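Fold and geometry: a report
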Amino acid sequence: MGSNGTLTPMSDKINIRISPKDFEYDAYTLVKAFYPESEIETNDDLYGNEPLINIVLSDAKVEVSASGFESEPREENGSTEGLDRPEVKNVLKQCLYRVLSSLTGLILPWGTLTGIRPIRIPFGLMEEGFSRPDIEERLRNTYYISDKKIGLAMEVAGSESELLSGADYEDGYSLYVGIPYCPSICLYCTFPSNTADRADFDGYLSGLEREMKFLAGMYSKTPSTIYIGGGTPTVLPIQYLERLLSMIESNFDTADVREYTLEAGRPDTIDREKLRIIKRHGIGRISINPQSMNQKTLDLIGRQHTVDDIALAYDLAREEGFVNINMDTIIGLPGEGIDEVRHTMDELIRLDPESITVHSLAVKRAARLNLFKEQYREMGIVNNEEIMDMVYEKLESTGMKPYYLYRQKNMAGNMENVGYSKPGYEGLYNVLIMEEKQTIISCGAGSSTKRVWGDGRIERMINPKDVKTYLEGIEDIKKKKKKLLEA
Ligand code: SF4
């Protein structure tokens, strides 16, 4: 029996055989959601070993069986007669879910859904004109989503739909600019970031400008939204920050964009002069990201600033006239439980920003944290429904509503990331990128360009994360991007 009461496999690996292999990845991700710590091997990896989980798809049915766990063998099957491919996939995942739930005793809040965009299903059904009760029934019976998450999903889908209906985004595009530098690298970082101390900002901005000019030549002058992220763009010394914002201004129409955001990110990179430059260049929305309001945690995760610095940077931004401030937090940081998260939320509510984004820590993706995972496991990495519910209730009581949501692989507690905001302060860029409603053209190391066609087809291109490789490859990047964006 596993430490959480689940039935463990008798061997150290979980083998899955699925024949034919069509839905191999779907099966893998669902098993992983139940057994996040186990190594999982599928079909070609098995080298003749007997599978613990066997899935057989035939024309009329799907059969799932599991043996080799500390239990009696389990079996489930379902009819697939006359069903199309997505429906067959649903039946397969339902059978597998029932087997795994019976083995582990676990109920997953998001049921059979393992993808990063769970809101696409209710959102899509809303667009097709289904009624709320019909959508809720589908989420419950087809995907086994818990009632609480159905409520959350419906609220977010409704909010996204309302926001997009007034956004006139269909024929437009958005621009992302990446600045891959930070004062220090956080323990949990999953972004393409480098320490700023020995950075060649001049060289980077020159390369960025070449790519930006090329993109500006391909698109109309006015994007729907602009997002400057990274990294931490405010790590740029003032002359470079000024240069970056002027460069964007001379290539794109920043006056008429619907939303212009800059990640000020780390409070230790913000001062009055930088805020004035940002304001002068027309940026209306900034993010100041505490992640936690507990000093012990900030020290542990490699932030080189204090809790007071966060409040000071925030007050400074207010003094300089910023009326749309977002603050990011993370649940599941080492050593933090419900009391620490409650404290962070109380402190943020006291500051009263327009939006708060609540992330769940994605341990496997966080390279440095993953490296020391055993050490931090002893401290406890906790995220559960009780914490998420507490956060939801606290933020709702201030008038904020959840307006966008996504999941990542390997998130603590199998939870989600949720953006909350006061009415009218929802981040449009966040919704556009999450629902993949619009082409996002990006420039900078590690940035991802996404071409969205009218028929819903999507193609991506990611720039090299390494700054040197990016700068050396700009001509090649331009060629490839031209092909993608012109097609
Ligand atoms: S501030 Fe963000 S991008 Fe920079 S190191 Fe920390 S997590 Fe990574």
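Residues numbered from 1 in each chain as written. Predicted model: local features only at pLDDT ≥ 70, side-chain atom pairs only at ≥ 80, totals over all residues.

Of regular secondary structure, the protein possesses 17 helices and 18 strands. Relative to the globule expectation of 23 Å for 487 residues, the C-alpha radius of gyration of the protein, 24 Å, shows essentially globular dimensions. C-alpha atoms of the protein, sized along the principal axes, occupy 70 × 50 × 45 Å. Within the protein, buried positions represent 45% of all 487 residues. Long-range contacts, defined as pairs at least 24 residues apart, comprise 72% of the intrachain contacts of the protein with a sequence gap of at least 6. (Helix = DSSP H or I, 4+ residues; strand = E, 2+ residues; numbered from the N terminus. Rg over C-alpha atoms; globule rule 2.2 N^0.38 Å. Buried ≥ 20, exposed ≤ 12 C-beta atoms within 10 Å, placed from the backbone. Contact = placed C-beta atoms within 7 Å.)

The next point concerns the nonpolar core. In terms of nonpolar packing, the biggest core is built from 119 residues, with Ile55, Leu96, Ile286 and Ile288 touching the most fellow members. Element by element, the count of residues in this core is highest for helix α2 (residues 85–104), at eight residues. Mapping this core onto the domain boundaries places at least three of its residues in each of domain 1 (1–89) and domain 2 (167–477). Among residues more than four places away in sequence, those in contact with Ile55 are Ile16, Arg17, Ile18, Ala27, Val62, Val64, Leu92 and Leu96. (Core = buried A, V, L, I, M, F, W, Y, C linked by C-beta atoms within 7 Å. Domains from an automatic or database assignment.)

Next up on the list: the sheet that holds strand β1 (residues 13–19). Strand order in the open sheet made by the five strands is β2-β1-β3-β4-β5, with mixed pairing throughout. In the strand order of this sheet, the two ends are held by β2 (39–42) and β5 (74–79), each with one partner. Averaged over all adjacent pairs, the angle separating strand axes in this sheet is 15°, with direction ignored. Note that strand β4 (residues 61–66) and β5 share six bridges and pair antiparallel. (Pairing = 2+ DSSP bridges. Axes fitted to C-alpha atoms, helices over the stretch in contact; angles between N-to-C directions.)

A separate point is the confidence of the model for the protein. Residue-level pLDDT values for the protein average 89, and 91% of them are 70 or greater. Scored below 50 in pLDDT, residues 1–5 makes five contacts in the model with residues more than four places away or belonging to other chains. (pLDDT = per-residue confidence, 0-100.)

What follows covers the environment of Lys401. Note that Lys401 resides in strand β14 (residues 401–406). A count of 16 C-beta atoms within 10 Å places Lys401 in the partly exposed class. Distance from Lys401 to Gly419, taken between C-alpha atoms, is 8.3 Å for residues 18 residues apart in sequence. Not counting residues within four places of it along the chain, the set of residues in contact with Lys401 comprises Glu155, Ser159, Tyr420, Ser421 and Pro423.

This next bit is on unusual backbone geometry. Of note, the bond from Ser19 into Pro20 is cis; its omega dihedral lies within 30 degrees of zero at -10°. Here Pro20 shows up in the loop between β1 and α1 (24–34). A positive phi angle is found at Tyr144, which is not glycine, with a value near 60°. Checked against the element boundaries, Tyr144 lands in the loop between α4 (132–141) and α5 (147–165). The exposure class of Tyr144 is partly exposed, given the 19 C-beta atoms found within 10 Å.

Once that is clear, we can look at the pairing of strand β9 (residues 225–230). Consecutive residues of a regular strand have side chains that alternate between opposite faces of the sheet. Most of β9 is tucked away, with six of its six residues classed as buried. Residues Thr225, Tyr227 and Gly229 point to one face of β9 and Ile226, Ile228 and Gly230 to the other, with burial holding for every one of them. Bridging between β9 and strand β10 (residues 259–265) involves four bridges; their strand directions are parallel. Paired with Ile228 across the two strands is Leu262, which belongs to β10.

Here we take up the packing of helix α6 (residues 201–218) against helix α7 (residues 238–251). At their nearest, the axes of α6 and α7 sit 10 Å apart, and the two run at 10° to each other. On the basis of the axis angle, α6 is roughly parallel to α7. Two secondary-structure elements touch here, α6 through Phe201, Leu205, Glu209, Met212, Lys213 and Ala216 and α7 through Tyr240, Arg243, Leu244, Met247 and Asn251. Per-class residue counts for the contact of α6 with α7 are seven nonpolar, one polar and three charged. (Parallel < 35°, antiparallel > 145°, perpendicular 65-115°, else oblique. Nonpolar A, V, L, I, M, F, W, Y, C, P; charged D, E, K, R; others polar.)

A word on the packing of helix α11 (residues 338–351) against helix α14 (residues 385–397). Their axes nearest at 10 Å, the elements α11 and α14 cross at an angle of 15°. Regarding the angle of α11 to α14, the classification is roughly parallel. Judged by the twist between their axes, the crossing of α11 over α14 is right-handed. Of α14, the residues touching α11 (which contributes Ile338, Val341, Arg342, Met345 and Ile349) are Glu386, Ile387, Met390, Val391 and Lys394. (Left-handed = near helix turned anticlockwise from the far one by under 90°.)

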